[in-house]
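Read off the chains here:
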6 protein chains.
Amino acid sequence: MNTVNMNKMSWVAYCAQIKTTNPPVFLPVGALEQHGPHLPLGTDALLSAAVAASTAELINGIVAPALSYGYKSQPKCGGGQHFCGTTSVDAQTLIGLVRDTVREFARHGVEKLVIVNGHFENQWFITEGIDLAMRDIQPGAKLRVMRLEYWDFLTETTLHSVFPNGFPGYALEHAAIIETSLMLHYHPDLVRLDLIPDDGPADFPPYDIYPANPDWVPPSGVLSSALGADAEKGEIMAKELAARIAQAVVAEFNQT
Amino acid sequence: MNTVNMNKMSWVAYCAQIKTTNPPVFLPVGALEQHGPHLPLGTDALLSAAVAASTAELINGIVAPALSYGYKSQPKCGGGQHFCGTTSVDAQTLIGLVRDTVREFARHGVEKLVIVNGHFENQWFITEGIDLAMRDIQPGAKLRVMRLEYWDFLTETTLHSVFPNGFPGYALEHAAIIETSLMLHYHPDLVRLDLIPDDGPADFPPYDIYPANPDWVPPSGVLSSALGADAEKGEIMAKELAARIAQAVVAEFNQT
Amino acid sequence: MNTVNMNKMSWVAYCAQIKTTNPPVFLPVGALEQHGPHLPLGTDALLSAAVAASTAELINGIVAPALSYGYKSQPKCGGGQHFCGTTSVDAQTLIGLVRDTVREFARHGVEKLVIVNGHFENQWFITEGIDLAMRDIQPGAKLRVMRLEYWDFLTETTLHSVFPNGFPGYALEHAAIIETSLMLHYHPDLVRLDLIPDDGPADFPPYDIYPANPDWVPPSGVLSSALGADAEKGEIMAKELAARIAQAVVAEFNQT
Amino acid sequence: MNTVNMNKMSWVAYCAQIKTTNPPVFLPVGALEQHGPHLPLGTDALLSAAVAASTAELINGIVAPALSYGYKSQPKCGGGQHFCGTTSVDAQTLIGLVRDTVREFARHGVEKLVIVNGHFENQWFITEGIDLAMRDIQPGAKLRVMRLEYWDFLTETTLHSVFPNGFPGYALEHAAIIETSLMLHYHPDLVRLDLIPDDGPADFPPYDIYPANPDWVPPSGVLSSALGADAEKGEIMAKELAARIAQAVVAEFNQT
Amino acid sequence: MNTVNMNKMSWVAYCAQIKTTNPPVFLPVGALEQHGPHLPLGTDALLSAAVAASTAELINGIVAPALSYGYKSQPKCGGGQHFCGTTSVDAQTLIGLVRDTVREFARHGVEKLVIVNGHFENQWFITEGIDLAMRDIQPGAKLRVMRLEYWDFLTETTLHSVFPNGFPGYALEHAAIIETSLMLHYHPDLVRLDLIPDDGPADFPPYDIYPANPDWVPPSGVLSSALGADAEKGEIMAKELAARIAQAVVAEFNQT
Amino acid sequence: MNTVNMNKMSWVAYCAQIKTTNPPVFLPVGALEQHGPHLPLGTDALLSAAVAASTAELINGIVAPALSYGYKSQPKCGGGQHFCGTTSVDAQTLIGLVRDTVREFARHGVEKLVIVNGHFENQWFITEGIDLAMRDIQPGAKLRVMRLEYWDFLTETTLHSVFPNGFPGYALEHAAIIETSLMLHYHPDLVRLDLIPDDGPADFPPYDIYPANPDWVPPSGVLSSALGADAEKGEIMAKELAARIAQAVVAEFNQT
């Protein structure tokens, strides 16, 4: 059987590992959301799971099944809810999913839980889910939870090399160079390089409007061009992410 | 790209298929739950997704990402919540997940949604989720939803051949001959035949007790023995399930 | 005053009994649901309350007021929600009712609570209600809860004698021979034998469809014929149910 | 069968009546709450159901099963939650019960729904339940809902005759003269006149305190003495209530 | 900085006061609701905050920011939800607001919390919020909560002098003499005496109807005339309220 | 009376303005949260309300009462929930508050609603509240909602002049130069310049940890120093914010 993916381990094997090596458990959280014509709908879950797995391999961690459906897509970071294919859940649902699973990991005896978020819109609802789970957990439990958006572990140096003309900021990095490069590294068969649109970077006003105005977003759903993405950049970033997240996990959880 | 798994399709490809061929969309629902020492924790999600994919291939359907976490495990059908590794969600969370995703598929223009349940405990919460989504959906939407537990599509004939000494009933078929055989067919590398316990069939009283009594369930978590499971039985069942579900989908959704 | 029905006892009398004899408290759960032209809408609550009272009398138990409204009727076991008269509640409401009342019985000092379910569709929502109440209850409380569907206490022998031509299974036993016989025993004035329809057993496909298809269900609402029901059969079953449930309650709650 | 109590009617009979005579449907709401040593725990549900039935008989109405569990008892009007036997539900649960049942009556085609409240603490949560149901109901539905606390239909004249020394106000009328007299009229076998305590009227400060202070309430749970209650007063009040509520129902629902 | 209004104190100053003088903290709860043509929409929040501040000044208390939005306006006490300008929240929202803030004050170490309600419709939802917070609070916390409707602290003597022709009861005191006089005392610039309508007292039947019937309420929204209100009456009442609430707070919280 | 603050207007005046001039309505959302020893707990609500009022004055808008309690404070942007004085609400509560109030403004006939957020942690829960309200609103309503964090309207030019040594980013701008300067402009009496700590900028890792680690945050609660704040900078920013938000409101809402 598998020793990294929790869903492919027997409960006996999982349990033995929890009891003996006190490993970090990674919970990837993604989305099913349009990522332009060149990336698949599942990109956020695929990448957060891949980053989690790469990290787990470095430090003998375990990866739980990804939460595949994320919070509702917003125009400025994911294109918005008017796209066919984007399949999102309400705040209460995502909060509940995180709350319940965190509570369960605490019951298992997990002490180091790392939630790896790959969908920008999820962040605050994951935070609420963790907070509510912390209220639920019995005083005896030793669980602590780290929550991270994986891209925050890229160094300035790497961003400079990936974006020689300057990094436009994570806000527009939806289906763009970072995600496309990482997908070319992890799932090259799921990328259609020939279909990358050359949409100039989207330009948003300093507010949001509801109902959303679809005209704010290019019809392709891409907020800044993915031209320039390649597998090599993907590999560099993937290795840096795994190494730096692993380092943070070790440092944070071993310090207590 | 992939033409069956929604999370591996671009939104453009998915959308084109929805608009042109009006395909059935399959939503598998599973669990992360102990399945004895010989099957992995993700068995229910893996099998419901596999059955959905086999069916979808026969009739050009699309398979959405499985809901990987299911309702709380009960002693009589899944061993119970005292097992380490079993990772479950509350009723409200599962209801919300189904409600939200059904509502989204309606927005996409999906008219034929098939929810393939692989975890016995999920059934009634899926039902509530669908019912609430039906209230939410705009009058114009044409979505109809089929919900099924895949094992209900096995014929008496097949059950007789799989259980020559008599079928003990689905209640005890947790991590037993049906699931083990199907896993040997679909995911042979995730089955440890050498670890199958020979626990006699569990014998439960005609009631449930809370808090659950762990003594009701064999320590292995297996409710009736999986001895006798083999890949050939798995293949026979897998083919029958896909064929008969496909037939039902076509018949039900084309009749209107 | 009354010594069995809690709602007819004063709090002083109830409290004294709880403190001195530690009696089992029975909470019947029913529904307000079509039961064909020959049985009243309240059948499920009337029968679960009657079974609870018969059992309580045997072992000096107390019967709390029945929950009179149940979860939404499903075509395959109750005819479905399209019937006028069927009056159902959402999952959240039933879960809340059970959660709150269980928590209150724990506060009273009740240690043996028996939830007697008489409506098939309620089972899983009662289960969730109990589970959530168990989370709420203070560590000191000694409450344990037994949940049962009363018909599961009928013996094979009795089923054979009630159904000499073979028992069609509980799935179709809605407003049919078991319920009609029990009503003839407990509430003969509420049964209209002259109106029993002779609908052949309903034949359902191995899936459910939403919105429900009313054509699946006979217009009478009866899933298999009640012809053959009589008060004598009702009496035999009523006595067996009370005796066997009483025995289980004593055995389960005294063993600790 | 019965022609007043919905739970004792078949769906066919109920439905025929709804379609042909457009009758008012009464939904009694009570509580399971201490009512001193002389009245039973179910007093509020018993009385609201009795008043509803008396009224329904005058104008060919139908009485739905009472909601038997009410909102949490407060010291100033019901003695408080520290009494053993008092069994209450949270706000959300009561709101949900009312919301769901109102929505169902609208589906049946009921146009005149009268909610007869017999437990002071319920009023505002019933109001919220009705309001939310009104949001849910389809535009076509003609349902209107009347909500009333039955005691508000007593005339000044009657109050003067029942309380020759002056009416102390409804606030203290818990398990006191009005309720005891009505119970002596409707359910004389459930009243223990010999156990009526002679607690002077409780004297409360103009605020509430949480957690409640049990010392505010006489240990008997009676807020003002029931001495002076008799069946004759009960009959006078019962007749007046039925007559005046019937008159209001006819006037209000026929005016549109 | 300010020493009464919490939102104008630094956390350092607030915290020091909590730790050293164990002061009562007042949480005013109001509404944004029509109050006739002569009083502002925010009357209930302005008055509950003013009464709280006057009281706090007498006993070195602290006043938290008012909850400015209240429960839905009812015809008989606030005119109803059909008025433009009335801006209300659902039960669940108000319950949540109270629950969350009470829990937070307990975390701060507050032991004496006084919720000053100025909107009749809020009472029961505040009660539920407090009750749920009490369940949440850790065993160690010493918080107790007093809830009051400020008008209940007016003495009979004062009511007689304010209403020489007899007090019509609080039910009709919406935008009438008490509120108008208090506003003339606290916020004279926000009162338009010239616009006071002379609507006779509204006369309501002993029930409520849903959807509400706007004809029950004078078009001005005033339930009984405010003619006769003046600042002097306001001052008398304001002083009495502050003095008597202060006295109750001291007596109640120091007695333990 | 007042013509800008809704809570100081009568319903008649408010309503007349809505019907005749179709004004934008501003809903400020703040928090009650530690802001160092030099700023008051209510800073976020005071500033969002002040910015809203300044903007409303420019374009004849109306300002609704601020939501004074915000979502739970996070270490990286508000210091965290371990501070005494910080008084926060759960996600569900804030979502409900926004949902309910938006729905009410739609009922009033408001077409231009501007939610001015002054507390970083609120953003996503406001978004969910608006989204849910949009589902609730009747098809006929013309309401559109703009949501903004006010600081996003500062120009690069202004940031350069306020931060001659470089802008450290909004993440650390809690109780720092921008907020302190704006408070010195709008509420100088609530600022204690003498108490500004000289804490160097906080340095956070690229993840969050739960339970939060108080050591991450300076004991003062200030994330970067407010030294250099002055009223003149405050005035420049206040004017720019009002002017630019007003411009955006006019442009966005008049374009349709």
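Residues numbered from 1 in each chain as written. Chains lettered and ligands numbered in written order. Predicted model: local features only at pLDDT ≥ 70, side-chain atom pairs only at ≥ 80, totals over all residues. Heavy atoms only, no water.

- Identification of chain A as Creatininase from Sulfuriferula nivalis is taken from an unreviewed UniProt entry.
- Turning to chain A, the UniProt record has this under Cofactor (unreviewed entry): "Zn(2+)".
- The record held by UniProt for chain A lists under Sequence similarities (unreviewed entry) the comment "Belongs to the creatininase superfamily." (UniProt positions renumbered as here; feature names shortened; annotations may be inferred.)

1. Observations regarding the sheet that holds strand 3 (residues 112–117) of chain E
- The 5 strands lie next to each other as 5(D)-4(E)-3(E)-1(E)-2(E), forming an open sheet whose pairing is mixed. Two strands lie at the open edges of the sheet, namely strand 5 (208–210) of chain D together with strand 2 (62–63) of chain E, each paired on one side alone.
- Examined bridge by bridge, strand 5 of chain D and strand 4 (residues 144–149) of chain E share 3 bridges and lie antiparallel to one another. Looking at strand 4 of chain E, one finds that Tyr210 of chain D is bridged to Val145 of chain E. (Pairing = 2+ DSSP bridges. Helix = DSSP H or I, 4+ residues; strand = E, 2+ residues; numbered from the N terminus.)

2. Re the interface of chain E and chain D
- With 39 residues of chain E in contact, the opposing surface of chain D contributes 39 residues.
- Interface area for chain E against chain D, summed over the two sides, is near 3,200 Å², with a carbon-plus-sulfur share of 58%.
- The largest per-residue losses of area from chain E upon contact with chain D belong to Trp124, Tyr207 and Tyr210 of chain E, which jointly make up 26% of the total buried on that side.
- Seen at the junction of chain E and chain D, the total is 8 salt bridges.
- Note that Asp131 of chain D and Lys72 of chain E form a salt bridge whose closest N and O atoms lie 2.7 Å from each other.
- Run the count over chain E and chain D and you get 20 residue pairs in polar contact (both at pLDDT 80 or more).
- At the level of secondary structure, the elements contributing two or more residues to the side of chain E that touches chain D comprise helix 4 (91–108), helix 5 (123–136), strand 4, strand 5 (208–210) and helix 8 (231–254) of chain E.
- For the side of chain E that touches chain D, the residue count by class is 23 nonpolar, 5 polar and 11 charged. (Contact = heavy atoms within 4.5 Å. Buried area = accessible area lost by both parts, 1.4 Å probe. Salt bridge = Lys/Arg side-chain N within 4 Å of Asp/Glu carboxyl O. Polar contact = N/O pair within 3.5 Å; in protein donor to acceptor, adjacent residues only side chain to side chain. Nonpolar A, V, L, I, M, F, W, Y, C, P; charged D, E, K, R; others polar.)

3. Focus: the pattern of salt bridges
- Using the criterion set out here, one finds 90 salt bridges over all chains in the structure.
- The residue Asp100 of chain E makes a salt bridge to Arg103 of chain E at a minimum N-O spacing of 2.8 Å. Of this pair, Asp100 of chain E and Arg103 of chain E both sit in helix 4, 3 residues apart, which is roughly one turn of the helix. Each member of the pair, Asp100 of chain E as well as Arg103 of chain E, carries the same accessibility label: buried.
- Note that Arg144 of chain F is salt-bridged to Glu252 of chain F, the shortest N-O span being 3.2 Å. Taken together, the residues Arg144 of chain F in strand 4 (residues 144–149) and Glu252 of chain F in helix 8 (residues 231–254) connect sequence positions 108 residues apart. (Buried < 20%, exposed > 50% of the residue type's maximum accessible area, 1.4 Å probe, protein only.)

4. Side note on the relation of the copies chain E and chain D
- Under the fitted operation, chain E is carried onto chain D by 0.0 Å of movement along the axis and a turn of 180°, and the coordinates agree to an RMSD of 0.0 Å. Both copies are brought into coincidence by an operation consistent with a two-fold rotation axis. In terms of C-alpha distance to the rotation axis, chain E has Trp124 of chain E as its closest residue, with the C-alpha 3.3 Å off the axis.
- In this assembly, 100% of the residues forming the interface of chain E have copies in chain D that are likewise at the interface, indicating an isologous arrangement. (Least-squares fit on C-alpha atoms with pLDDT ≥ 70 in both.)

5. Thoughts on unusual backbone geometry
- With an omega dihedral of 0°, the bond running from Tyr210 of chain A to Pro211 of chain A counts as a cis peptide bond.
- In this fold, Pro211 of chain A is placed in the loop between strand 5 (208–210) and helix 8 (231–254).
- Positive phi values are uncommon outside glycine, yet Ala175 of chain D reaches one of about 60°.
- One can find Ala175 of chain D in the loop between helix 6 (156–162) and helix 7 (177–186).

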